[in-house]
Amino acid sequence: EEEKRLSYEQKLEICDHSVAQKLLEIAIEKKSNLIVSADVTSTQELLTLAEKVGPHIVALKTHMDIILDFDSDATILPLKDLATKYNFLLMEDRKFADIGNTQELQFSYGLYKISNWADLVTAQVIAGYESLDCFRNVGVVAILGMSSKGTLTNTNYREEATKIALSHPNVFGGVSQNKIPNELLLFTPGINVAEAGDGKGQQYNTPEHAFNELETDFIIVGRGIYKSFDAEKSALSYKIAGWNAYEGSL
Ligand code: 5FU
């Protein structure tokens, strides 16, 4: 308990995956640990949101399969331009959960061709170590623990999943509601300062909880930002809250 959490500068020294390095560099440069979850259903809403929150985030997290009018040119090209303009990464929250061969197909084929544009993806580790081999050209954030009520990711599951995450070269981070080893970057969704839950199983905590209790590295905020009256303003306030909570946890 005496031991202090590591700063982003210290994490830069021990997290050697190129995507981890990029995220940490952006965090330091923009003084932000905020990832906005863009759970909107049209290209127009996605691009409008990215334009508004872009200056304040380290990454934009997508569920590209909910975009009704997805088009690899009309959706992805302008999104990539915004990512370059505002210096943020694209994180596809696909939560792959199949055998390696199927995940390889899901990653590069079909409508979304995720491997063409995503800088990082989420993946379950339920199918075992080798199922993650296919994500060679991207960074993987492993789902270690989930935020929803009644999740099956108990202590034993998390420990076994963490072993896979630590040992697999394609994995540089984990999604969890618990502490994870310093060698991995921690991503924490289920963050909202105004709500305790959504009536559909989601459970919320504050940025302060995530940094003080979990020593998280990045907070992920969806509805707290994109459903708010002014997404730009709320992104800025979550960014400031996240950065203050990070500094307070050092
Ligand atoms: F792995 C997880 C998890 O444990 N909880 C989550 O909420 C992922 N998520 C995602 O974060 C979820 O799929 C949403 O995209 C986002 C949370 O959105 P919210 O609107 O802030 O609840």
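Quantities reported herein were computed from a predicted structural model and do not represent experimental measurements. (Residues numbered from 1 in each chain as written. Predicted model: local features only at pLDDT ≥ 70, side-chain atom pairs only at ≥ 80, totals over all residues.)

Draft legend 1. Representation of the overall build of the protein chain. Each helix and strand counted, the protein chain has 9 helices and 8 strands in total. Relative to the compact-globule value of 18 Å for 250 residues, the protein chain shows a C-alpha radius of gyration of 17 Å, a close match. By residue count, 42% of the 250 residues in the protein chain fall in the buried class. Within the protein chain, counting contacts between residues at least 6 apart in sequence, those at least 24 apart form 67% of the total. (Helix = DSSP H or I, 4+ residues; strand = E, 2+ residues; numbered from the N terminus. Rg over C-alpha atoms; globule rule 2.2 N^0.38 Å. Buried ≥ 20, exposed ≤ 12 C-beta atoms within 10 Å, placed from the backbone. Contact = placed C-beta atoms within 7 Å.)

Draft legend 2. Inspection of the UniProt feature "active site" (unreviewed entry) in the protein chain at higher detail. As recorded in UniProt, the feature "active site" (unreviewed entry) lies at D93, K95 and D98. Tracing the backbone shows D93 in strand β3 (residues 89–96). If we skip the residues at most four places from it in the chain, D93 touches K61, T62, H63 and T122. With respect to the helices and strands, the residue K95 is situated in strand β3. Apart from the residues lying within four places of it in its own chain, the contact partners of K95 are T122, A123, Q124 and I143. (UniProt positions renumbered as here; feature names shortened; annotations may be inferred.)

Draft legend 3. Region of the structure containing the UniProt feature "domain: Orotidine 5'-phosphate decarboxylase" (unreviewed entry) in the protein chain. Taking the numbering used here, the UniProt-annotated feature "domain: Orotidine 5'-phosphate decarboxylase" (unreviewed entry) corresponds to residues 33–238. As annotated, residues 33–238 comprises 30% helix and 19% strand, and the C-alpha atoms at either end are separated by 9 Å.

Draft legend 4. Highlighting the sheet that holds strand β7 (residues 185–188). Strand order in this closed barrel of 8 strands is β1-β2-β3-β4-β5-β6-β7-β8, and the pairing throughout is parallel. Going across the sheet, the axis of each strand differs from the next one's by a mean of 30°, ignoring polarity. Relative to strand β2 (residues 59–62), strand β1 (residues 34–38) is paired through 4 bridges, and the arrangement is parallel. Residue pairing across strands places A38 opposite T62, the latter belonging to β2. (Pairing = 2+ DSSP bridges. Axes fitted to C-alpha atoms, helices over the stretch in contact; angles between N-to-C directions.)

Draft legend 5. Spatial organisation of the site of the ligand. Residues in contact with the ligand amount to 17 residues; listed here are only the nearest, M146, S147, P189, G222 and R223. Those elements giving two or more residues to the shell around the ligand turn out to be β8 (218–221) and α8 (223–226). When its residues are assigned to classes, the shell around the ligand shows 6 nonpolar, 8 polar and 3 charged. (Near = placed C-beta within 6 Å. Nonpolar A, V, L, I, M, F, W, Y, C, P; charged D, E, K, R; others polar.)

Draft legend 6. Representation of helix α9 (residues 231–249). Given a rise of 1.5 Å per residue, 19 residues ought to cover 27 Å, and the 26 Å separating the end C-alpha atoms of α9 matches this to within 8%. For α9, the full list of buried residues reads A231, S234, A235, Y238, K239, G242 and Y246. Viewed along the axis of α9, the buried residues span an arc of 140°, placing them on a single side of the element. Residues of α9 that are exposed and point over 90 degrees away from its buried face: E247 and G248. Of the surrounding elements, those touching the buried residues of α9 are β1, α3 (43–53), α7 (207–212), β8 and α8. (Expected span 1.5 Å × (residues − 1). Arc of directions from axis to C-beta.)

Draft legend 7. Structural detail: the environment of V36. In this fold, V36 is placed in strand β1. Expressed as a C-alpha distance, the spacing of V36 and H56, which sit 20 residues apart in the sequence, is 9.2 Å. Apart from residues lying up to four places away in sequence, V36 is in contact with V53, I57, L60, K61, V221, I225 and A235.

Draft legend 8. Highlighting the packing of α3 against α9. Two elements in contact, α3 and α9, have axes whose closest approach is 8 Å; the angle formed by their N-to-C orientations is 45°. In terms of their interaxial angle, α3 and α9 are classed as oblique. Crossing of α3 over α9 shows right-handed handedness. Along its contact with α3, which presents L49, K52 and V53, the element α9 presents A231, E232 and A235. Of the residues in the contact of α3 with α9, the class split is 4 nonpolar, no polar and 2 charged. (Parallel < 35°, antiparallel > 145°, perpendicular 65-115°, else oblique. Left-handed = near helix turned anticlockwise from the far one by under 90°.)

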